[in-house]
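The primary structure of each chain is shown beneath.
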Amino acid sequence: MATVAEPIELVKNRIEEVDPASAQREVESDGALLIDVREPHEWDEAHVAGAKLVPLATVAERITELAPDRAQRVLLFCRVGNRSARAADSLRGELGYENAASVAGGIEAWRSAGLQVIEAEGLTPEQRMRYSRHTLLPEVGIDGQLKLLDSKVLLIGAGGLGAPSAFYLAAAGVGTLGLVDDDVVDESNLQRQVIHNTERVGMPKTESARLSIQALNPDVKVVEHPTRLGPDNILEIIDQYDILVDGADNFPTRYLLNDAAVRLRKPVVSASILAFDGQVSTFVPYEGPCYRCLYPVPPPPEMAPSCGAAGVLGVMAGVMGLLQANEVIKLAAGLGEPLVGRLLLYDSLGTRFTELKVKRDPDCPICGAAAAEIPESEMGKFPDYEAFCAGVPVGA
Amino acid sequence: MSVTVKIPAQLRSVTDGEGEIEVDGATVGEALDAVFNQHDDLRERITEDGGLRRFVNVYVSGEDIRFQDGLGTQLQDGDEVTILPAVAGG
């Protein structure tokens, strides 16, 4: 009795294998039954016209219905010819289909032989190869990859958080990546900002990031915003994007971004880092809390040291940036459970993650019950965030 | 109740570098007072007029005390009390 554990070579010695060209001839001229024993998500990616999809685990159960005559010529194939060899072995040995055979090399050989393969729509052959490790995941599939390619993501800050997340989002095939940063690459950035490099010291960060992204993945359209977000430009900039990634290095930008994102109902994946510790959460306006529900007011300057003043472990910044990228991918492709209403803390010295619950604050001035919809005339008007974050009350 | 109070990086300068402090207390207020007795400078950093300053969040076993009984929130033996200010670093 054949078992799954038996070496594939032994199985192949017992069965008949045919090459793809012969298989196609037999199907077209002699009425051979062609069975694809792969899984549905593999079929979705590419399949052979005229083949019937019968996943390996269901072959024994369905074969009598598909081929009532046990003398029927049955040709089985899979991706590279191993699963189909076992299926052919089982059909011959256990079920009496003496004319069952496996197509050597599977659909990969079928394609290499120049025979017709119906490819999934929407991805080019290069994209099918590039994103194959994504599309092999049933949860992502072709559809999920197409959603990523369609998505527009804005990174606020191309620094400790933005550099790693931009790199991985580009690799993942996020179609449009906007980068907001008005800084230039400094030598002290290179300990963590891996999208930049030594030769680019002095170059604007958005330009340096664009060069790295284009070298990694030409599918990605990079939009540079070499400016600082302010009340005058923020709505216009963020309105062009689906998902915002907050990797800003200052409180005025973080509060401004939150308030503008709530107005335009854009999700913000927010992280911050200091020393060995990081925080990350996803703020989806009106579905969960916003940044102000979590932190109604910023700390005073003496309690808010920057990474420039206090230092930061570069690898920890990378971990947090990639957690943000992971959240973005989930939001863009509609996967999993986003970090909405949850704040994840990472303590890199203890290697501990702590999850805290974040509730919508009914008294939140931005998204709470009393916060009225912003009238059109007020759109684009924001308080002086520099003053607010320096401890002066809003409106003072 | 014996509980662990977790101190964030930006406040460890006033706790002699300690990130976790074991204290006794039946409420969050009592536990924080016990920490302040060891590290007096921390009191002024995160409280004013006997209450928490607005920019400081305190969580007990993952839940924000702002949405419970504030400093009067009861503690269970073994609870973690996390002090968390906003961080802007990116």
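Residues numbered from 1 in each chain as written. Chains lettered and ligands numbered in written order. Predicted model: local features only at pLDDT ≥ 70, side-chain atom pairs only at ≥ 80, totals over all residues. Heavy atoms only, no water.

Undergrad: Describe the overall build of chain A, with residues and values.
TA: The helix and strand inventory of chain A stands at 17 helices and 15 strands. Relative to its length of 396 residues, chain A is extended, with a C-alpha radius of gyration of 28 Å against a globular reference of 21 Å. Considered along the principal axes of its C-alpha atoms, chain A spans approximately 90 × 50 × 45 Å. Taking all 396 residues of chain A together, the buried fraction comes to 53%. If you take every contact in chain A between residues at least 6 apart in sequence, the share linking residues at least 24 apart comes to 68%. On chain A, roughly 17700 Å² of surface is accessible, and the fraction owed to carbon and sulfur atoms is 52%. (Helix = DSSP H or I, 4+ residues; strand = E, 2+ residues; numbered from the N terminus. Rg over C-alpha atoms; globule rule 2.2 N^0.38 Å. Buried < 20%, exposed > 50% of the residue type's maximum accessible area, 1.4 Å probe, protein only. Contact = heavy atoms within 4.5 Å. Areas by Shrake-Rupley, 256 points an atom, 1.4 Å probe, with all protein chains shown as cover.)

Undergrad: Account for the interface of chain B and chain A, with residues named and values stated.
TA: Accessible area lost on assembly of the parts is the figure often given for the size of an interface. Contact residues are listed per partner, giving 24 residues for chain B and 39 residues for chain A. Interface area for chain B against chain A, summed over the two sides, is near 2600 Å², with a carbon-plus-sulfur share of 59%. Of all residues in chain B, Phe55, Val87 and Gly90 of chain B bury the most surface against chain A, accounting for 22% of the area lost on that side. If you look at where chain B meets chain A, you find 4 salt bridges. A salt bridge links Lys357 of chain A to Glu63 of chain B, with the shortest nitrogen-to-oxygen separation between them at 3.0 Å. Elements supplying a minimum of two residues to the side of chain B that touches chain A: strand E5 (56–60) and strand E7 (80–85) of chain B. The element that contributes the greatest number of residues to the side of chain B that touches chain A is E7 of chain B, accounting for 3 residues. Partitioned by chemical class, the residues of the side of chain B that touches chain A number 10 nonpolar, 6 polar and 8 charged. (Buried area = accessible area lost by both parts, 1.4 Å probe. Salt bridge = Lys/Arg side-chain N within 4 Å of Asp/Glu carboxyl O. Nonpolar A, V, L, I, M, F, W, Y, C, P; charged D, E, K, R; others polar.)

Undergrad: So, the packing of helix H9 (residues 141–150) of chain A against helix H16 (residues 314–333) of chain A: which residues are in play, and what are the values?
TA: Residue and element names in this part refer to chain A. Relative to each other, H9 and H16 sit at 110°, their axes nearing to 8 Å. By the angle class used here, H9 and H16 are roughly perpendicular. Here Gly144, Lys147 and Leu148 of H9 come into contact with H16, specifically with Ile329, Ala332 and Ala333. Split into classes, the residues belonging to the contact of H9 with H16 amount to 4 nonpolar, 1 polar and 1 charged. (Axes fitted to C-alpha atoms, helices over the stretch in contact; angles between N-to-C directions. Parallel < 35°, antiparallel > 145°, perpendicular 65-115°, else oblique.)

Undergrad: Go over the sheet that holds strand E6 (residues 63–64) of chain B with me, naming the residues and quoting the values.
TA: Strands belonging to one sheet form pairs held by backbone hydrogen bonds; the direction of such a pair is parallel or antiparallel. Residues and elements named next belong to chain B. The 5 strands lie next to each other as E2-E1-E7-E5-E6, forming an open sheet whose pairing is mixed. Each end of this open sheet is capped by a strand with a single partner; those strands are strand E2 (20–24) and E6. Note that E5 and E6 share 2 bridges and pair antiparallel. The residue bridging Val60 from the neighbouring strand is Glu63, located in E6. (Pairing = 2+ DSSP bridges.)

Undergrad: Just give me the short version of the packing of aromatic side chains, but keep the residues and values in it.
TA: Residues and elements named next belong to chain A. Overall, the coordinates contain 6 aromatic pairs over all chains when judged by the stated rule. Pairing Tyr291 with Tyr295 gives two aromatic rings, centres 5.6 Å apart and planes at 65°, and the pair type is edge-to-face. A relative accessible area of 5% places Tyr291 in the buried class. By the ring-pair criterion, three or more aromatic residues cluster together here, those being Phe251, Tyr255, Phe283, Tyr291 and Tyr295. (Phe/Tyr/Trp six-rings, centres within 6.5 Å; stacked < 30°, edge-to-face > 60°.)

Undergrad: Talk me through a nonpolar patch on the surface; I want residue IDs and the actual numbers.
TA: A grouping of Phe276, Leu313, Val315 and Leu349 of chain A is seen on the molecular surface, where their side chains present a nonpolar patch of about 380 Å² in accessible area. Counting through the fold element by element, Leu313 of chain A comes out in the loop between helix H15 (307–310) and H16. (Patch = residues over 30% accessible without salt bridge, like charges linked within 9 Å, V, L, I, M, F, W, Y side chains within 5 Å.)

Undergrad: Account for empty space enclosed by the protein, naming residues and giving values.
TA: Residues and elements named next belong to chain A. The full count for this structure, using the stated rule, is 3 cavities of 30 Å³ or more. What the largest cavity holds in volume is close to 60 Å³. Together, 13 residues line the largest cavity, and Ser270, Gln279, Tyr291, Tyr295 and Leu343 are the ones closest to its centre. Elements with a minimum of two residues in the lining of the largest cavity: strand E12 (268–274), strand E13 (277–283) and helix H14 (291–294). In terms of residue count, E13 provides more of the lining of the largest cavity than any other element does, 4 residues in total. Class assignment for the residues of the lining of the largest cavity results in 8 nonpolar, 4 polar and 1 charged. (1 Å grid on protein atoms, 1.4 Å probe; cavity = no way out; pocket = protein on both sides within 12 Å on 5 of 7 lines; lining within 4 Å. Points joined across faces, edges and corners; volume = space filled by probe spheres on them.)

Undergrad: Any details on the pattern of salt bridges? Residues and values, ideally.
TA: Residue and element names in this part refer to chain A. Using the criterion set out here, one finds 22 salt bridges over all chains in the structure. Close ionic contact of Glu26 with Arg73 constitutes a salt bridge, the shortest N to O distance being 2.7 Å. Taken together, the residues Glu26 in helix H2 (residues 20–30) and Arg73 in the loop between helix H4 (59–66) and strand E5 (74–77) connect sequence positions 47 residues apart. By the burial criterion, Glu26 is buried, and Arg73 matches it. Through salt bridges with shared partners, one network takes in Glu6, Arg14 and Asp89.

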